[in-house]
Amino acid sequence: MEYCQPFGGRSMKAKIKILDVYTGRFVVVINEKDAKRVKLHPEDLVKIETGKKTVYGDVVISNMVEEGEIGLSKDVLQVHSFSQGEIVNIAPAGTPESIRYIKKKMHGAKLRKVEIESIIKDIVDRKLREIEISAFVTALEVNGLDMDEIAWLTVAMAETGDMLDIDRKPIMDVHSIGGVPGNKTNILVVPIVAAAGLTIPKTSSRAITSAAGTADVVEVLTNVSLSLDEIKRIVEKIGACLVWGGALNLAPADDITIKAERALSIDPRGLMLASIMSKKYAMGSQYILIDIPTGKGVKVETMEEARSLARDFIELGKRLGQYVEVAITYGGQPVGHTVGPALEAKEALQTLMTGKGPGSLVEKATGLAGILLEMGGVAPAGMGKKMAREILESGKAYQKMREIIEEQGGNPDIKPEEIPIGDKTYTFTAPTSGYITFIDNKAITGIARAAGAPEDKGAGLELYVKVGEKVREGDPLFKIYAESEARLEQAIVYARRTEPIRIEGMVLQRIGNI
Ligand SMILES: O=P(O)(O)OC[C@H]1O[C@H](OP(=O)(O)O)[C@H](O)[C@@H]1O
Ligand SMILES: O=c1cc[nH]c(=O)[nH]1
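This structure is a prediction, so every number in the text was calculated from the model and none was measured.

What follows covers the UniProt feature "domain: Pyrimidine nucleoside phosphorylase C-terminal" (unreviewed entry) in the protein chain. Listed under "domain: Pyrimidine nucleoside phosphorylase C-terminal" (unreviewed entry) in the UniProt record, and renumbered for this structure, are residues 435-502. Structurally, residues 435-502 comprises 35% helix and 29% strand, and the distance from its first C-alpha atom to its last is 8 Å.

On to the packing of aromatic side chains, then. One pass over the full model with this rule turns up 3 aromatic pairs. Judged by centre distance (4.8 Å) and plane angle (10°), the ring pair of Phe428 and Phe478 falls under stacked. Remark: Phe478 occurs in strand 17 (residues 476-482) and Phe428 occurs in strand 13 (residues 424-429); sequence separation between them is 50 residues. Considered together, Phe428 and Phe478 belong to a single accessibility category, that of buried residues. One aromatic cluster is present, built from ring pairs that chain together Tyr426, Phe428 and Phe478. Taking NZ or CZ as reference, Lys53 lies 4.5 Å from the ring centre of Phe82, over its face. A cation over a ring is seen here: Arg126 above Phe26, with NZ or CZ 4.2 Å from the ring centre.

Our next topic: the sheet that holds strand 16 (residues 470-471). What the 3 strands build is an open sheet, ordered 16-14-18; its pairing is antiparallel. Both outer strands of the open sheet, strand 16 and strand 18 (501-503), are each paired with one neighbouring strand and no more. Inspection of the sheet shows strand 14 (residues 434-439) paired to strand 18 by 3 bridges, in the antiparallel sense. When the bridges of strand 18 are listed, Ile439 appears paired with Ile501.

Take the site of ligand 1 next. Around ligand 1 sit 16 residues in total, of which Ser176, Gly179, Ser204, Thr209 and Thr214 are the nearest. Within the side chain of Thr214, one N or O atom sits 2.5 Å away from an oxygen atom of ligand 1. Notes on ligand 1: free accessible area 420 Å², of which the protein chains cover 97%. Of all the elements in the fold, those that place two or more residues in the shell around ligand 1 are strand 7 (172-176) and strand 8 (200-204). Residues that form the shell around ligand 1 fall into these classes: 2 nonpolar, 11 polar and 3 charged.

With that settled, consider the nonpolar core. One recurring pattern in soluble globular proteins: nonpolar side chains tend to sit buried together. Membership of the largest hydrophobic core comes to 65 residues, with the highest contact counts inside it found for Val189, Val193, Ile200, Leu221, Ile231, Leu372 and Met401. Top contributing element to this core by residue count: helix 14 (residues 359-375), with 8 residues. In contact with Leu221, not counting residues within four places along its chain, are Ala345, Leu349, Met401, Ile405, Gly410, Asn411, Ile414 and Ile419. Formed by 43 residues, the second largest nonpolar core is a distinct cluster that contains Ile256, Met272, Ile292 and Ala306.

Let us now look at the UniProt feature "binding site: AMP" (unreviewed entry) in the protein chain. Mapped onto this numbering, the UniProt entry annotates "binding site: AMP" (unreviewed entry) at Gly179, Ser205, Arg206, Ala207, Ile208, Thr209, Ser210, Thr214, Ser275 and Lys299. Tracing the backbone shows Ser210 in the loop between strand 8 and helix 8 (214-218). By relative accessible area, which is 11% here, Ser210 ends up buried. Those residues in contact with Ser210 that lie beyond four places of it in its chain are Thr445 and Arg449. Of the polar contacts made by the side chain of Ser210, one reaches the backbone nitrogen of Ala212; its length is 3.2 Å. Mapped onto the elements of the fold, Ser275 is located in helix 11 (residues 269-282). Ser275 gets classed as buried once you look at its relative accessible area, which sits at 6%. Look past the residues within four positions of Ser275 in its chain and what remains in contact with it is Met157, Asp254 and Ile258.

Calculation notes
Residues numbered from 1 in each chain as written. Chains lettered and ligands numbered in written order. Predicted model: local features only at pLDDT ≥ 70, side-chain atom pairs only at ≥ 80, totals over all residues. Heavy atoms only, no water. UniProt positions renumbered as here; feature names shortened; annotations may be inferred. Helix = DSSP H or I, 4+ residues; strand = E, 2+ residues; numbered from the N terminus. Phe/Tyr/Trp six-rings, centres within 6.5 Å; stacked < 30°, edge-to-face > 60°. Buried < 20%, exposed > 50% of the residue type's maximum accessible area, 1.4 Å probe, protein only. Lys NZ or Arg CZ within 6 Å of the ring centre and 35° of its normal. Pairing = 2+ DSSP bridges. Near = heavy atom within 4 Å. Polar contact = N/O pair within 3.5 Å; in protein donor to acceptor, adjacent residues only side chain to side chain. Areas by Shrake-Rupley, 256 points an atom, 1.4 Å probe, with all protein chains shown as cover. Nonpolar A, V, L, I, M, F, W, Y, C, P; charged D, E, K, R; others polar. Core = buried A, V, L, I, M, F, W, Y, C linked by side-chain atoms within 4.5 Å. Contact = heavy atoms within 4.5 Å.

Next up, the structure:
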């Protein structure tokens, strides 16, 4: 009671109690009696003021805190420092102005620069909750953004966070729009490019629509949550890093909006452009290669759409002062043979170690790396891919990957066979003989997610066949890996329902009396 002094209206002074819980959002726990007195309700937005800073959070009412105390979950403390027993003022925060702008976009109107800035600032300040952020992401999916809005959004996302200034030039970068299962490609591209002497500070997001984002995969091999100072030190020393953008205060709105996108398995085009380019802008990248996987069941299905998106990336780069090239890549089936964080890490490491791997992975990685080597001026025009392949086959890319793993805090001697994989498995076999005519990207991702990926690192699947290959009845088609029986069961049910691999000659559908 000592500190719970209601101020005029509904604010009060309270003592901080640090709670040993993670809730996935900023939560402020208030005692039931205090809540009644100051008229706060579950999920109300409140602000905590200290004189130096204002932090926003959602109200949870519980007697796990005493009267006069407020409990803060550890999520808040990851971003802001508060000490046990600190006295703060707490008051309702009211409705953020930016909700009006989200509604404006829901109705299809063009947003003004200040309106976009206000939405992004409120996302970063946690004034907008998950439900409102989902509404924003959905409004962007439905109504889109024009190039002015995308450029304002990109700069707002970058400028609400930190910027990196690396003392090496030129700064190269690569980024995939993702969507294709098994896309561990950039784990090869980055060490190849750095082994050629170029600087490439690569940040990745975690999975958005897939079962493993590059950050999820690299995390199996080494630490990906580094500070900006550590990244600067590493990149200035070895020319490269492979880190998770969400761990940094780098375009911080990105990781928050990605959470909503992941839950809905959507990646609205304008937000995708801003998400990718804001990270590149904040990293100071000057020469950027964007990979657009194109094919059935990925984000971009036709060459025409891919070219139009490519033009948008190039135009956005011009507005931001960056040189952008785009590679439209084959996305009609998974890249390589594995899907899921640990399985992909294993395949990527094996390919780097031996210089050999699945054709689709090696072709794509050396193709993209080759373009970067030419853009960075270390390979003559038309010779980049050959040079990239030599770097991969010579073991120089593997050596660079060892440096990256070590500098980021992992064990450089890690062997592919030492990577733990889910021990609950089930193999699907060919019900008939014939040729593989189609592998359904969406179903493959769905199975790996049902098995627990990306959160369960050892979950995913291994494909034994690719399109065009011949199989005999009973041959293994793919194996599901999970870390629990329940997850394995879910993935089997999902796989039976979706039948992800089509074999020529199979009955595709049976239709009875209609
Ligand atoms: O496939 P989904 O999950 O939609 O997209 C997310 C993935 O795409 C990008 O790949 P990269 O970091 O350029 O390799 C992101 O950073 C992330 O890893
Ligand atoms: O980093 C990324 C990649 C794909 N889509 C996004 O929105 N961000």
